Amino acid sequence: MLNLSLVTIIIIAANVITSLKGLEDRSFFERYKFNVGSIRRNEHERMFTSGFLHADTMHLMFNMFTLYFFAEAVIQPLGNFNFVIIYIASLLFGSLLSLYFHKEEYWYSAIGASGAVTGILYSAILLDPDMSLYMFFVPVPIPGYVFGIGYLLYSIYGMKKRIGNIGHDAHFGGAIGGYFITLLLKPSLLETNLTYVALLAVPIVILFVMYKTGKLS
C-alpha cells in the first residue's frame, strides 16, 4: 500500500462525496455536469465541478485507483502544492479541449475526473519516463513513456472515430495540461530528460497537425 499524502486523500474524498451525491440526487448531477449549452450560457463553473462527478461507482473507482497509484510519483518530486496545481490545471485543460471540439454541440455532456487523472498520469511519466507499467493481458512491463505515447495516440483515434461513451478529448486535454504545467514547474527536465520530453510531445504535435489539416473529423 502506498502512503498517501493528505492532499491526495482530500481529492479522493471530494470525488467520492460529490459523485455519491450526484448519483443519489439527479438534479444535483444535472446542475453541475459538463454541458456545452449550459457553459455557453455562462455556467462556467461546470468546467470544474463536472470533474468531481461520475457516471457510476465503477467509473469513480477506476479514476480514483489510477490517481492512487500515480499521485505520489508527482508529489515526491514536486510537492503537494504543485500536485494540486497540476491536478486542477489538467481538469480545466480537459474541459477546455472538450468545449473546443464540441462547441457547436449544445447537447454534449460529460462527467468524470479522467482529464485531471490523465494529467497526473502524464506528469508522472514525464518525471519518470522509465517507470514500469503493467496492463491487463500484457505479461511484460511497459516503459512509462511508451504507454503514455500509445495512450494519447489511441485517444486521437478515439476522438476521430468517436469510440464508445468516452471523453477522449478530455483525456487528451488533461494530458496536455499535465505535460506543460510539469515542464513549467520543473524546466530542468528539458535538460535532463530532453529526449523523453520530445517523445511525449509527439502525440500533441500529431493532434495539432491533424486538426489544422482537417483530418481529425
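For the structure itself, consult the block above.
Residues numbered from 1 in each chain as written. Predicted model: local features only at pLDDT ≥ 70, side-chain atom pairs only at ≥ 80, totals over all residues. Heavy atoms only, no water.

Structural notes on the environment of Tyr-154
Position of Tyr-154 relative to the elements: it lies in helix α8 (residues 144-161). For Tyr-154, a relative accessible area of 40% translates into the label partly exposed. Sequence separation between Tyr-154 and Pro-203 is 49 residues, and the spatial gap between their C-alpha atoms is 9.5 Å. (Helix = DSSP H or I, 4+ residues; strand = E, 2+ residues; numbered from the N terminus. Buried < 20%, exposed > 50% of the residue type's maximum accessible area, 1.4 Å probe, protein only.)

Brief notes about the environment of Tyr-211
Along the chain, Tyr-211 turns up in helix α11 (residues 194-212). Sequence separation of Tyr-211 and Phe-101 is 110 residues, and the distance between their C-alpha atoms is 9.9 Å. Every residue in contact with Tyr-211, bar those within four places of it in the chain, is listed here: Tyr-100, Phe-101 and Leu-216. (Contact = heavy atoms within 4.5 Å.)

Some thoughts on the packing of α8 against helix α9 (residues 168-185)
Helices that pack against each other are described as a pair by the angle of their axes relative to one another and the distance between those axes. Contact pair α8 / α9: the axes reach a minimum separation of 8 Å and the direction vectors enclose 145°. Considering how the two elements wind past one another, α8 and α9 form a crossing that is left-handed. Along the contact surface, α8 presents Tyr-151, Leu-152, Tyr-154, Ser-155, Ile-156, Gly-158 and Met-159, while α9 presents His-168, Asp-169, His-171, Phe-172 and Ala-175. Taken together, the residues that form the contact of α8 with α9 break down as 7 nonpolar, 4 polar and 1 charged. (Axes fitted to C-alpha atoms, helices over the stretch in contact; angles between N-to-C directions. Left-handed = near helix turned anticlockwise from the far one by under 90°. Nonpolar A, V, L, I, M, F, W, Y, C, P; charged D, E, K, R; others polar.)

Some details on the layout of surface pockets
There is about 190 Å³ of room inside the second largest pocket. Considering the residues around the second largest pocket, the lining is formed by Leu-97, Tyr-100, Phe-101, Ile-176, Ile-204, Leu-207, Phe-208 and Tyr-211. Those elements giving two or more residues to the lining of the second largest pocket turn out to be α6 (80-101) and α11. If you tally residues by element for the lining of the second largest pocket, the top one is α11, at 4 residues. (1 Å grid on protein atoms, 1.4 Å probe; cavity = no way out; pocket = protein on both sides within 12 Å on 5 of 7 lines; lining within 4 Å. Points joined across faces, edges and corners; volume = space filled by probe spheres on them.)

A short note on the packing of α6 against helix α7 (residues 114-127)
Contact geometry of α6 with α7 gives a least axis separation of 7 Å together with a crossing angle of 130°. Our classification of the angle between α6 and α7 gives oblique. Between α6 and α7 the crossing geometry is right-handed. Facing Phe-83, Ile-86, Tyr-87, Ser-90 and Leu-91 of α6, the residues of α7 in contact are Gly-115, Ala-116, Gly-119, Ile-120 and Ser-123. (Parallel < 35°, antiparallel > 145°, perpendicular 65-115°, else oblique.)

Notes on α8
Given a rise of 1.5 Å per residue, 18 residues ought to cover 26 Å, and the 26 Å separating the end C-alpha atoms of α8 matches this to within 8%. Just beyond α8, the residue with positive phi is Arg-162, at close to 55°. (Expected span 1.5 Å × (residues − 1).)

A closer look at α11
Over its 19 residues, α11 extends 26 Å from the first C-alpha to the last, a length consistent with the 27 Å expected when each residue adds 1.5 Å. The largest bend in α11 is about 35°, located at Val-202, with the proline Pro-203 one to four residues further on. Tucked inside the fold, the buried residues of α11 contact α6, α7, α8, α9 and α10 (189-192). Following α11 by one or two positions, Gly-214 has its phi on the positive side, about 75°. (Bend = angle between axes of the 7 residues up to and from the residue.)

Side note on the side chain of Thr-182
Looking at where Thr-182 falls in the secondary structure, it is placed in helix α9. Its relative accessible area of 0% is what places Thr-182 among the buried residues. Reaching out from Thr-182, the side chain makes a polar contact with the side chain of Ser-123 at a distance of 2.7 Å. In contact with Thr-182, not counting residues within four places along its chain, are Leu-78, Ile-86, Ser-123, Leu-126, Leu-127, Gly-177 and Leu-189. (Polar contact = N/O pair within 3.5 Å; in protein donor to acceptor, adjacent residues only side chain to side chain.)

Details of unusual backbone geometry
Non-glycine residue Asn-42 carries a positive phi angle of around 75°. For Asn-42, the location among the structural elements is in the loop between α3 (36-40) and α4 (46-49).

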